[in-house]
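If you want the building blocks of each chain, they are given just below.
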Amino acid sequence: MESPEVSQPKTTQLLSGSYISFVNLSHRKDRLDRMVDTLEKRNIPATRTPGLTVADVANKIVPRHRLKVMLNRTPGAIGCHFAQVSVMEEARRQGKHAWVMEDDLKICPDIHERLAHMETFCNTHPWDILWLGGTFHVNPPHWHTGRKGRALSQDAECTDDPRMMRTYGAFCTYAYIVNKDSVGKVLEGLDKWLDRSMGIDWAMIQLQPKLQTFAYVPGCCTQYDNMSDIGKGMTRFSGFKKLGPYWFANHKEDFDPTKFNWHEATHKAKL
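So, here is what we can say about the structure in this document. Keep in mind the model is a prediction, meaning the values are calculated, not measured. The residue count restarts for each chain, going from 1 along the sequence in the order it is written. Since the coordinates come from a predicted model, pLDDT governs what is reported: local features require at least 70, and pairs of side-chain atoms require 80 or more to be given and counted, while whole-chain, interface and lining totals use all residues. Computation of side-chain values: all heavy atoms of the structure, hydrogens and water removed.

Looking at the nonpolar core
A general feature of soluble globular proteins is that nonpolar side chains tend to end up buried together. This is how the line gets drawn: To form a nonpolar core, buried Ala, Val, Leu, Ile, Met, Phe, Trp, Tyr and Cys residues must be joined to one another through side-chain atoms within 4.5 Å. We call a residue buried when its accessible area falls under 20% of the maximum for its residue type, exposed when it is over 50%, and partly exposed in between, using a 1.4 Å probe and counting protein chains only. Working rule for contacts: check all heavy atoms of both residues, and any pair within 4.5 Å makes them a contact.
Within the largest apolar cluster, 71 residues are counted, with the highest numbers of intra-cluster contacts made by M88, F136 and M204. The residues touching F136, leaving out its near neighbours within four places in the chain, are A156, M165, T167, G169, A170, F171, A215, V217, L243, Y246 and W262. If you look at the next biggest cluster of nonpolar residues, it comprises nine residues, including L67, A77, F82 and L194.

Section: the environment of W143
Which entries qualify depends on this criterion: Here a strand is any run of E in DSSP of at least two residues, a helix any run of H or I of at least four, and the numbering for each starts at the N terminus.
By the secondary structure assignment, W143 is in the loop between β5 (129-131) and β6 (156-158). Taking the relative accessible area as the measure of exposure, W143 reaches 30% and is therefore partly exposed. Spatially, the C-alpha atoms of W143 and H125 are 25 Å apart, while their sequence positions differ by 18 residues.

A short note on the packing of helix α5 (residues 76-94) against helix α7 (residues 183-193)
Using the following cut-off: With axes taken as lines fitted to C-alpha atoms, and helix axes fitted only over the stretch in contact, angles between N-to-C directions fall between 0 and 180 degrees. The labels follow the angle: roughly parallel below 35 degrees, roughly antiparallel above 145, roughly perpendicular from 65 to 115, and oblique for the rest. Crossing chirality is assigned from the near helix's rotation relative to the far helix, an anticlockwise turn below a right angle marking it left-handed and a clockwise turn marking it right-handed.
Relative to each other, α5 and α7 sit at 155°, their axes nearing to 10 Å. Overall, the two elements α5 and α7 adopt an arrangement that is roughly antiparallel. Crossing angle aside, the handedness with which α5 passes α7 is left-handed. Seen from α5, the contacting residues are H81, V85, M88, E89 and R92; seen from α7, they are V183, G184, V186, L187 and L190.

Topic: the side chain of T167
Cut-off, in case you're wondering: Between N or O atoms, a polar contact is any pair within 3.5 Å; within protein, one atom must be a potential hydrogen donor and the other a potential acceptor, and residues adjacent in sequence are included only when both atoms are from side chains.
Residue position: T167 is located in strand β7 (residues 164-167). On the basis of relative accessibility, which here comes to 0%, the residue T167 falls in the buried class. One polar contact links T167 to W131, side chain to side chain, over a distance of 3.0 Å. A distance of 2.8 Å separates polar atoms of two side chains, one belonging to T167 and the other to Q208.

Quick word on the packing of α7 against helix α8 (residues 200-207)
Basically, it comes down to this: Just so you know the grouping, Ala, Val, Leu, Ile, Met, Phe, Trp, Tyr, Cys and Pro go in nonpolar, Asp, Glu, Lys and Arg go in charged, and all remaining residues, Gly too, go in polar.
At a minimum axis separation of 9 Å, α7 and α8 run at an interaxial angle of 110°. Regarding the angle of α7 to α8, the classification is roughly perpendicular. Considering only the axes of α7 and α8, their crossing is right-handed. Of α8, the residues touching α7 (which contributes V186, G189, L190 and W193) are I200, W202, A203, M204, Q206 and L207. Class assignment of the residues belonging to the contact of α7 with α8 gives a composition of eight nonpolar, two polar and no charged.

Here you go:
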């Protein structure tokens, strides 16, 4: 059940210095109502960004031929990609970090404590993206396996902070923060991969090895199981718990990263 706790905000630049927005299609009032309630409980001041359809994007935002892969595979991913891009573009106009969210989130009650921890880390480490979810593989890697002549052979790596994992293959884009100084290069990277992209999550996997991207563990957010507008039928996000106990926890104390066997994630990746 959803926790009744109300998260008390701490003063962090990640909160006050971000343009915070969630993407919501006009016909998904069920998600809108639940998301507004969730954000109020967690004291996160976010705006709604209208979701987009293929018709909103093709030949209006980009030429249709550049969307061929997504059109042939999962057309709904097109609207998701460009709605999230629009959040980043607005953040760039405002000179703020881009805090991007989907509209079907479950957010941990202690989110503000975790943000404070992340901010302390970011004050001493260069960063481009912070993932608020914990969807990445560590044993074995799934995306960056070292095969086919690729030097990189891991999807994540431990850092000097046990709760901050360096990611190379975090594969869900439902909640993340892009550094205000990095928004431009992230948008350029997404555009570079657009013609080959299966979705913004796939494109982010291609970009991560050349960016400084980190995930807090355990994950701060998940998506609840519900009907998808991108794929077909129900999205059963709860299945990702098989990744391990770091994927999400309501309270950070429920997962101790120093007692978890991170396997190859403890080794230095070679780029």
